[in-house]
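# Geometric and topological summary
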Amino acid sequence: MEVALLSTSTTNKYRVRELAKDFGLNNKDVMEILGKYGEAPKSNMQALTDDELSLVFESLTQAHPVASIQEIFADTYQESKKKDQPAGISAPAASASVSAEQPAQTQRPAAPGAQSQKDTPPAAHAVPTAQPAAIQAKSALQQPTTRVPQKKVVDTRKGGDVNLAKYDERLEQMAPEKAQRMQAPSGNKQKFRPNNNRRPTPGMTFSNKRRQDEQEKMRRLQLEIAKKAPLKVSIPDEISVGELASRMKKTGAEVVKVLMKSGIMASLPQIIDYDTAALVALEFNCKVEHEVTVTIEEQLIDSHEDTVEDLVDRAPVVVVMGHVDHGKTSLLDAIRNTSVAEGEAGGITQHIGAYQVQLDGKPITFLDTPGHEAFTSMRARGAMITDIAILVVAADDGIMPQTVESINHAKAAGIPIVVAINKIDKPNANPEKVKQQMTEYGLLTEDWGGDTICCPISAKKNIGIDKLLEMVILTAEMAELKANPNRAASGTVIEARLDKGRGPIATLLVQNGTLKQGDTIIAGTAVGRVRTMTSSKGKRLEEAGPSVPVEIAGLSEAPAAGCTFNVVADERMARELVEQRKAEEKLKSAAPVQKVSLENLFDQIQAGERKELALIVKADVQGSVEAVRTSLEKLSNDEVGVRVIHGGVGAISESDVMLAASTGAIIVGFNVRPDAAARDGAIRQNVDMRMYRVIYDCIDEIEAAMKGMLAPKFKEVILGHAEVRLTYKVSSVGTVAGCYVQDGKLTRDCDVRVVRGGIVVHEGKLGSLQRFKDTVKEVTTNYECGLTVEKFNDLKEGDIIEGFAMEEIPR
């Protein structure tokens, strides 16, 4: 009987019905055997597994034992004797020779199950290996004369014939010719050469099974190694509980459970900080790495600090400021030895907003823009590009309102001021009066014992111009202005316009590095390559170093004046950054703009945004301006300072609003009103303007705002104590403590400390307070209550709950 063959056949299904037919049994008998030792099949069409087949074979073998081993092998010895006779072949042998001439003439190896039982004694309960009749006959012809008993097929069937041809066909599928030749005994030893490219066939069942077992063992080993090795988890500064669970390959419930054990009640969408997430990860034996988020701007723009060895001296950037008709344009003409007005009127060339002059081989860069506009617009965008301010004051007029504005702009920018007293050639010129007036605004000249450089000049007659430039260079040398020309260029956009023939044109001031033709630059929301680059004189340039103004073409759009530009290496990433900036600007434009005012001043201080109150004072007479300035500045203390950045006489103008917008100041007016332009500008830029008729009203309001700005002082007030007498856990709430109030009272919104053995183990807020099933506002002495503590569940019997409150001390 072919037990091994049937048990190893995995390609053909063997049903209950077929098995019963082959053994001459009823379907019910086979199903009863299977039901006796295992689970009975549901129908006679059910395919049987290898284990079920073995179970049936084993049962039938034990039910039909043979009488003795000698009877089985008796005919074997008789066949051996007959084989020694020279002539005559028995009928079984003749039958075997006929079978040997059929197509499958080569020897067929036994099935793998039979191979494994080759050395097993036949006395065991296992069924001996069955072979097809043809192979048995052929083996009998080739069997050498021996006294050793050979394997014998024992038919343990109850009755009937077995279709042996059916099993021959299955054997051929399992053991093809090539495999049979490899396993056939041979007198010559052959070296086994495995063929890895050979595709597995149905006859390689045994080797496939061994390979699958080895692969399964390897997978289990890898899983064990993976379990032992800690999982690396990258955690940013903030992460949600759900995301943390996903990165640790844990369920959200497991992470929430660990957080609750730590006294933190958090849901899956809730954000936790890095320290908390790291502690949770360590609880799961994970290796924690701090994830640093790098933005596109940080990847794209080189912002590393230059070393001292890389820095070289650069030219100073100078802006000329002053009152109208005091000679600013004439001074610029004298410095450039050209007539700007004539050039512009003739339409020959248009200057680019900045230019350079040489003095003894040392360059100086001048910004050809109105002083106060340059400072306010560029300060509003955070671009500090000027190094020195030349303040032009007419010797015959003295200090005028725009002069005061210019002084305040320069002081707000924190740059040195060089005073040029112009028109000294006039008969009514009085330079000493100008020096005396400047002392009122904190500018004390050197000849009066101060540190402000003052140069008398005449722009029309070219008197003192060289000395003025020498003082500018001296001031620049004292400031030690340096830059690194050997890096990617960065700087500021001076101005930009749209040319009909050339497209967007931008005037740039290179502040660091070297700008080269063909570089990819990004300026605000504009990006592009430098197609052309010209100097202030219209000369084509290939490159421009620090403090050099140039005019370029090639940007996608005209950038905003005052924004910074940078040379980048990756144009694709630059365009991504531009799209990101445009989206951010769109969101900012949709959001309400909040500037400083007396109402929101204290809120900004609490948020850590402001520790100074800047004011602009305008009044109808100078005496009122000085009185208010003195009174308000006396309100300053160690924590908050009051600074009047500008004071003047007359109506509130648009320039006052621009200065207030760029410095975050509040405008205070006495008996004056804003003009239409100032009113519109204040609404547009959200600048707070306060109008008063009585000076004491102003001082009282500013003083009240100052008190709000002061950091409040608090004292601790103990409310009461309660003892924890019972604790129980509620799944949706946490640990609930049943308490007895010993003294004082506990209120619903009070702060609490958990004291255990005289040591404070936790400090936080009371989560809930109840008596019986009702939520109450407070529980007094000698009453019992139930309570929870926010973000703390480690309450134990005997703990003392101390309630307290923080009361603000009036200042």
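Please read all numbers here as calculations on a predicted model, not as lab measurements.

Conventions and cut-offs
All chains use their own residue numbering, which begins from 1 and follows the written sequence. pLDDT decides what is reported in this predicted model: residues at 70 or higher carry local features, side-chain atom pairs at 80 or more are listed and counted, and totals for whole chains, interfaces and linings draw on all residues regardless. As a rule here, side-chain values come from all non-hydrogen atoms in the structure, and water together with hydrogens is ignored. Following DSSP output, two strands are said to pair if at least two bridges run between them. Secondary structure elements follow DSSP: runs of H or I of four or more residues count as helices, runs of E of two or more count as strands, with numbering from the N terminus. To obtain each axis, a line is fitted to C-alpha atoms, and for helices this fit is confined to the stretch in contact; angles are then taken between N-to-C directions over 0 to 180 degrees. Definition of nonpolar core: a set of buried residues of the types Ala, Val, Leu, Ile, Met, Phe, Trp, Tyr and Cys, connected through side-chain atoms within 4.5 Å. Only protein chains enter the accessibility calculation, which uses a 1.4 Å probe. A residue is then buried if its area is under 20% of the maximum for its type, exposed if over 50%, and partly exposed in between. Note on definitions: a residue-residue contact is assigned when non-hydrogen atoms from the two residues lie within 4.5 Å. In what follows, salt bridge is the name for a side-chain nitrogen of Lys or Arg lying within 4 Å of a carboxyl oxygen of Asp or Glu. Centres within 6.5 Å make a pair out of two Phe, Tyr or Trp rings, where for Trp the six-membered ring is used; the pair is then stacked when the planes are under 30 degrees apart, edge-to-face when over 60, and tilted otherwise. Each ring is checked for a lysine NZ or an arginine CZ that lies within 6 Å of its centre and within 35 degrees of its normal; such an atom marks a charge sitting over the ring. Here the arc refers to the directions that run from the helix axis out to each C-beta atom. Every residue carries a pLDDT, the predictor's confidence in it, which falls somewhere between 0 and 100. Relative orientations are named as follows: roughly parallel for angles under 35 degrees, roughly antiparallel for angles over 145 degrees, roughly perpendicular for angles from 65 to 115 degrees, and oblique for any other angle. It is the rotation of the near helix from the far one that decides the hand of a crossing: anticlockwise by less than a right angle makes it left-handed, clockwise makes it right-handed. Classification convention: Asp, Glu, Lys, Arg as charged; Ala, Val, Leu, Ile, Met, Phe, Trp, Tyr, Cys, Pro as nonpolar; all other residues, Gly among them, as polar. Like-charged residues are merged into a patch within 9 Å and nonpolar side chains (Val, Leu, Ile, Met, Phe, Trp, Tyr) within 5 Å, provided each residue has over 30% relative accessible area and no salt bridge. Using a 1.4 Å probe, accessible areas were evaluated by the Shrake-Rupley method; residue-level cover was limited to the displayed protein chains. Note that His is not counted, nor are the chain ends; the positive residues are Lys and Arg, and the negative ones are Asp and Glu. Lysine's charge is taken at NZ, arginine's at CZ, aspartate's at CG and glutamate's at CD.

## Description of unusual backbone geometry
- Of note, Asn462 is a non-glycine position whose phi angle comes to about 55 degrees, a positive value.
- Its identity is not glycine, yet Glu480 carries a phi of approximately 50 degrees, on the positive side.

## Concerning the sheet that holds strand S13 (residues 490-499)
- One closed barrel accounts for six strands, arranged S13-S14-S19-S17-S16-S20; its pairing is antiparallel. Taking each pair of neighbouring strands and ignoring which way they run, the sheet shows an average axis angle of 45 degrees.
- Here strand S16 (residues 520-523) runs beside strand S17 (residues 526-534); their pairing, made up of four bridges, is antiparallel. Along S17, the bridge assignment pairs Ala523 with Ala526.

## So, the nonpolar core
- In terms of nonpolar packing, the biggest core is built from 28 residues, with Leu331, Ile364, Phe366, Ile390 and Leu468 touching the most fellow members.
- Elements represented by at least two residues in this core include exactly strand S6 (317-322), helix H16 (328-336), strand S7 (354-359), strand S8 (362-367), strand S9 (388-394), strand S10 (417-422), strand S11 (453-456) and helix H21 (465-479).
- A per-element tally of this core places H21 first, with seven residues.
- Excluding residues within four positions of it along the chain, Leu331 makes contact with Val320, Ile390, Val392, Ile457, Ala459, Ile465 and Leu468.
- Counting residues in each nonpolar core, the second largest holds 20 residues, with Ala489, Ile521, Ala526 and Met533 among its members.

## Brief notes about helix H14 (residues 274-283)
- Listed in full, the buried residues belonging to H14 are Thr276, Ala277, Ala278, Val280 and Ala281.
- Buried positions along H14 lie against strand S1 (231-235), strand S2 (238-240), helix H12 (241-247), helix H13 (252-261), strand S3 (271-273) and strand S4 (286-290).
- Within two residues after H14, Asn285 carries a phi angle of roughly 60 degrees, on the positive side.

## Some words on the pattern of salt bridges
- One pass over the full model with this rule turns up 30 salt bridges.
- Where Glu723 meets Arg725, a salt bridge forms, and the shortest distance between an N and an O atom there is 3.9 Å.
- Exposure remark for Glu723: the relative accessible area of 24% places this residue in the partly exposed category.
- Its relative accessible area of 45% is what places Arg725 among the partly exposed residues.
- Salt bridges sharing common partners tie together Glu716, Arg753, Glu763 and Glu802.

## Description of the sheet that holds S10
- Read from one edge of the open sheet, six strands run S7-S8-S6-S9-S10-S11, paired in mixed fashion. Each end of this open sheet is capped by a strand with a single partner; those strands are S7 and S11. Sheet twist, expressed as the mean angle between neighbouring strand axes with direction ignored, is 30 degrees.
- Its contacts with the sheet put helix H20 (residues 431-439) on S9, S10 and S11, and the angle it makes with S10 is roughly 150 degrees.

## Points about the environment of Gly503
- Relative to the helices and strands, Gly503 resides in strand S14 (residues 503-512).
- When the C-alpha atoms of Gly503 and Ala553 are compared, they prove to be 7.2 Å apart, with 50 residues separating the residues in sequence.
- Filtering out sequence-adjacent residues up to four positions away, Gly503 remains in contact with Arg497 and Leu498.

## Points about the packing of aromatic side chains
- Taken as a whole, this structure holds two aromatic pairs when the rule is applied.
- Centroid distance Phe23 to Phe57: 5.8 Å. Interplanar angle 40 degrees. Geometry classified as tilted. Here Phe23, found in helix H2 (residues 16-23), pairs with Phe57, found in helix H4 (residues 50-63); they are 34 residues apart in sequence, far enough to count as distant. Taken as a pair, Phe23 and Phe57 share a single burial class, namely buried.
- Note on Phe670 and Tyr692: the rings are 6.1 Å apart at their centroids and 35 degrees apart in plane angle, and the pair reads as tilted. Remark: Tyr692 occurs in strand S24 (residues 689-692) and Phe670 occurs in strand S23 (residues 666-670); sequence separation between them is 22 residues.
- Residue classification places Phe670 among the buried residues on the basis of a relative accessible area of 4%.
- Exposure remark for Tyr692: the relative accessible area of 9% places this residue in the buried category.
- The ring of Phe804 has Arg753 lying over it, and the distance from NZ or CZ to the ring centre is 4.0 Å.

## Examining helix H3 (residues 27-37)
- Listed as buried for H3 are Val30, Ile33 and Leu34. Take H3 and look down its axis: the buried residues cluster within an arc of 90 degrees, on one side only. Summarising the geometry of H3, the exposed residues directed more than 90 degrees from the buried face are Lys28 and Lys36.

## Observations regarding the confidence of the model for the chain
- Here the chain averages 76 in pLDDT, and 72% of its residues register 70 or above.
- For the chain, helix H7 (residues 112-116) is the element with the lowest average pLDDT, namely 39, and strand S31 (residues 784-789) is the one with the highest, namely 93.
- Overall, residues 1-11 carries pLDDT values under 50, and its contacts beyond four positions in sequence, including any with other chains, amount to 42 contacts.
- In this model, residues 87-148 is a region of pLDDT below 50 whose contacts with residues beyond four sequence positions or in other chains number 81 contacts.

## A closer look at the packing of H2 against H3
- Taken N-terminus to C-terminus, the directions of H2 and H3 make an angle of 110 degrees; their axes are 8 Å apart at the nearest point. Here H2 lies roughly perpendicular to H3, going by the angle between them. Our pair here, H2 against H3, has a crossing hand that is right-handed. Contact residues: H2 offers Val16, Arg17, Leu19 and Ala20, while H3 offers Asn27, Val30 and Met31.
- Residues belonging to the contact of H2 with H3 are distributed by class as follows: five nonpolar, one polar and one charged.

## Let's talk about a negative patch on the surface
- A grouping of Asp237, Glu238, Asp273 and Asp275 is seen on the molecular surface, where their side chains present a negatively charged patch.
- Relative to the helices and strands, Asp275 resides in helix H14.

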